Amino acid sequence: MGDPKIPVDLILSKLVEDADKARARAHKASDVLLGPLDSDIATTPYEVVYQEDRVKLKHYIPVTDIKYKTPLLVVYALINRETMLDLQPGRSVVETLLAHGVDLYMIDWGYPTRKDQFLTIDDHVNGYMDTMVDFIRHKHKLEKINLMGICMGGTFCVIYSALNPAKIKNLITTVTPTNFDTDKGLLHVWMKAVDPDRLTDTYGNISGDIMNFGFLLLNPARLMIDKYVGFFEHMDNKKFVENFVRMEKWIFDSPDLPGETFRQFIKDFYQKNLLIQSKLEVGGKRVDLKNIGMPLINFYGKYDHLVPPEACELLTGRVGSQDTTDVCLETGHIGIYVSSKCQAEFAPRIAAWLAERDAPDQKARKKKSAAAKKATTKTAKKAKSSQRPRKHAQRSG
Amino acid sequence: MTQSFSVIQEKLGQLSEAGELPEDSKKYYQMWIKILEGHYMTLFQSDEYVETLAKTLDALAEFSAAKNDLLQDMLNTLPVSTQKDMDDLYKEIYLLKKRIKALEKKLDQNPKKVAG
């Protein structure tokens, strides 16, 4: 056996070089970290147009002429906050949609307290969501609006659209779990083993901090070590530090999850996988995916470790709609919304997809044209009858 | 963690034999974090881990429930409302609100029928 060839000199000189760089970086970093940092999140202006209990409906102030006839309602998950869609200027889904002229609404679920522990999925979907969809429909005098869901919010949107197809024109699901019968993704493995009854009965609500710790445990090497190593390597870069702090703010801003919703989500979705089989019941009604007849675009991330592609990709094949699209982006769960790579592939694509489907739908068109025909006939009759007296008047005059 | 260190030690031995040891110290860190990530994934997906996780959560819940019961018993002797009292009240408020909302919706949809 020959002597191992170890370039000890090179390695040592590299280490010295690295140590010098680290010293210089630490020196510069003290200026960055001790100076003012702009780390605000969700800065795009909006107004709260409706509120029910702790749940608010945000309407974003348009930045350009509204180019779409149909407004878009975005429904975020009950886990973490919707601020992720507007995390930093230049990488904001909200900003991009507004720049394309979308009339944008978003549900802010707020922070559930112990008194909210009895709220079920039915209360969220057929309660809050339905009231807010109706609010927008009435405000814009429209029969249907566009609906977009994020993660668990997407699952809610799928349920809502199946129960209320007459109110939804186009459906957009993003990193939305609908098939839970998969072993890809640790959540799917772990949730099959937990006892939701015991947890809900004991704690009431499921603590956001505990859930957050669970999410960090899904990949501790990357989320608890590598992320902070990355921070130390770039801590002299003000922009990097600001964006890092923004992301940390978002990650650790974790509302509690109402216990009854958790109970049903784990039992009926993770453990029994009822939704994709159209066997789920919400508010006493069966959620039949075949009722989803509106156009559907389904985004998911190839490297998503929370909601893997296997959990998302069955949906388009199970709905009744003939106009369905699956979009698999080469990124993870959050990368779809915040990575620089996806800025051009995600929100602009949604805007373009909606633009193609913004014309009044066939049924409404037919209804409108029939109504217009009726109105024309009426007007013509009216015109005739009003002409008659005029003629008569002329005659008599 | 310990396992990842012994694996990287082994890997470094092989690279050294082949004369392919990287010069950049960052490469060593990247190699190690990748190994560690892989080990965690294998551990977390194992039946033993999943079973232990479920048992730990159950035990924690059991402990919390017992602790709450004990506190509850102690509070019962004092003139303060307990969490159980509050939960009962929350449930009543929840059910009442749900009824009101359902009635409001009915009224919005068909005011005449509800009035009749």
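A quick note: this is a predicted structure, and the numbers were derived from the prediction, not measured.

What counts, and at which threshold
- Residues numbered from 1 in each chain as written.
- Chains lettered and ligands numbered in written order.
- Predicted model: local features only at pLDDT ≥ 70, side-chain atom pairs only at ≥ 80, totals over all residues.
- Heavy atoms only, no water.
- Pairing = 2+ DSSP bridges.
- Helix = DSSP H or I, 4+ residues; strand = E, 2+ residues; numbered from the N terminus.
- Axes fitted to C-alpha atoms, helices over the stretch in contact; angles between N-to-C directions.
- Contact = heavy atoms within 4.5 Å.
- Phe/Tyr/Trp six-rings, centres within 6.5 Å; stacked < 30°, edge-to-face > 60°.
- Buried < 20%, exposed > 50% of the residue type's maximum accessible area, 1.4 Å probe, protein only.
- Lys NZ or Arg CZ within 6 Å of the ring centre and 35° of its normal.
- Core = buried A, V, L, I, M, F, W, Y, C linked by side-chain atoms within 4.5 Å.
- Buried area = accessible area lost by both parts, 1.4 Å probe.
- Salt bridge = Lys/Arg side-chain N within 4 Å of Asp/Glu carboxyl O.
- Polar contact = N/O pair within 3.5 Å; in protein donor to acceptor, adjacent residues only side chain to side chain.
- Expected span 1.5 Å × (residues − 1).
- Right-handed = clockwise from strand over helix to strand, strands pointing away.

Caption draft 1: Spotlight on the sheet that holds strand β4 (residues 104–108) of chain A. Residue and element names in this part refer to chain A. A sheet is described by the order of its strands in space; here 8 strands give the open sequence β1-β2-β4-β3-β5-β6-β9-β10, paired in mixed fashion. With one partner strand each, in any of the chains shown, β1 (46–52) and β10 (324–329) form the two edges of the open sheet. Adjacent strand axes in the sheet meet at a mean angle of 20 degrees, parallel and antiparallel pairs treated alike. As defined by bridge partners, strand β2 (residues 55–60) adjoins β4 across 4 bridges and the pair is classed as antiparallel. Considered in β4, the bridge of Lys56 is made with Asp108. Against the sheet, helix α4 (residues 152–163) makes contact with β3 (72–75), β5 (145–150) and β6 (168–174), and its axis sits at roughly 145 degrees relative to β5, the strand it touches most.

Caption draft 2: Here's a closer look at the packing of aromatic side chains. All names here are of chain A. Scanning the model with the defined rule gives 22 aromatic pairs over all chains in all. Aromatic side chains Tyr228 and Phe244 sit 6.0 Å apart centroid to centroid with 75 degrees between the ring planes, which places their arrangement in the edge-to-face category. In this pair, Tyr228 sits in helix α8 (residues 220–234) while Phe244 sits in helix α9 (residues 238–251), placing the two residues 16 residues apart along the sequence. Using a relative accessible area of 29% as the deciding quantity, one classes Tyr228 as partly exposed. Taking relative accessible area as the criterion, Phe244 reaches 14% and is therefore assigned buried. An aromatic cluster is present here, built from Tyr228, Phe231, Phe232, Phe240 and Phe244 joined pairwise through their rings. Note that Lys58 overlies the ring of Tyr46, its terminal NZ or CZ placed 4.4 Å from the centroid.

Caption draft 3: Local environment of the nonpolar core. One finds Leu73(A), Met129(A), Ile159(A), Trp190(A), Tyr337(A) and Phe346(A) to be the most contacted residues of the largest nonpolar core, which totals 109 residues. Broken down by element, this core gets its largest block of residues, 8 residues, from α4(A). Here Ile159(A) is in contact with Ile121(A), Val125(A), Phe269(A), Leu275(A), Leu280(A), Val282(A) and Val287(A), once residues within four sequence places are set aside. Counting residues in each nonpolar core, the second largest holds 11 residues, with Ile11(A), Tyr28(B), Met31(B) and Leu36(B) among its members.

Caption draft 4: The interface of chain A and chain B, seen in detail. Chain A puts 45 residues into the contact, and the matching count from chain B is 42 residues. In total, about 3700 Å² of surface goes out of reach between chain A and chain B, with carbon and sulfur atoms giving 60% of it. Viewed at the interface, chain B and chain A are joined by 10 salt bridges. In this structure, the salt-bridge partner of Glu52(A) is Lys101(B), at a minimum N-O distance of 2.9 Å. On the surface where chain A and chain B come into contact, there are 19 residue pairs in polar contact (both at pLDDT 80 or more). Elements supplying a minimum of two residues to the side of chain A that touches chain B: α1 (8–34), α3 (121–140), α5 (186–191), α6 (196–203) and α8 of chain A.

Caption draft 5: Region of the structure containing α4(A). Here α4(A) spans 17 Å end to end across 12 residues, near enough to the 16 Å set by a 1.5 Å rise per residue. Judged by how many residues are buried, α4(A) sits mostly within the fold: 12 of 12 residues are covered.

Caption draft 6: Fine view of the pairing of β5(A). Residues and elements named next belong to chain A. Burial of β5 is extensive: 6 of the 6 residues sit out of reach of the surface. Of the two faces of β5, the one holding Ile145, Leu147 and Gly149 and the one holding Asn146, Met148 and Ile150 are both buried throughout. Looking at chain direction, β3 and β5 are connected through 4 bridges and run parallel. Bridge pairing links Val75 to Gly149 in β5. Between β5 and its parallel partner β6, the chain crosses via α4, and the hand of that crossover is right-handed.

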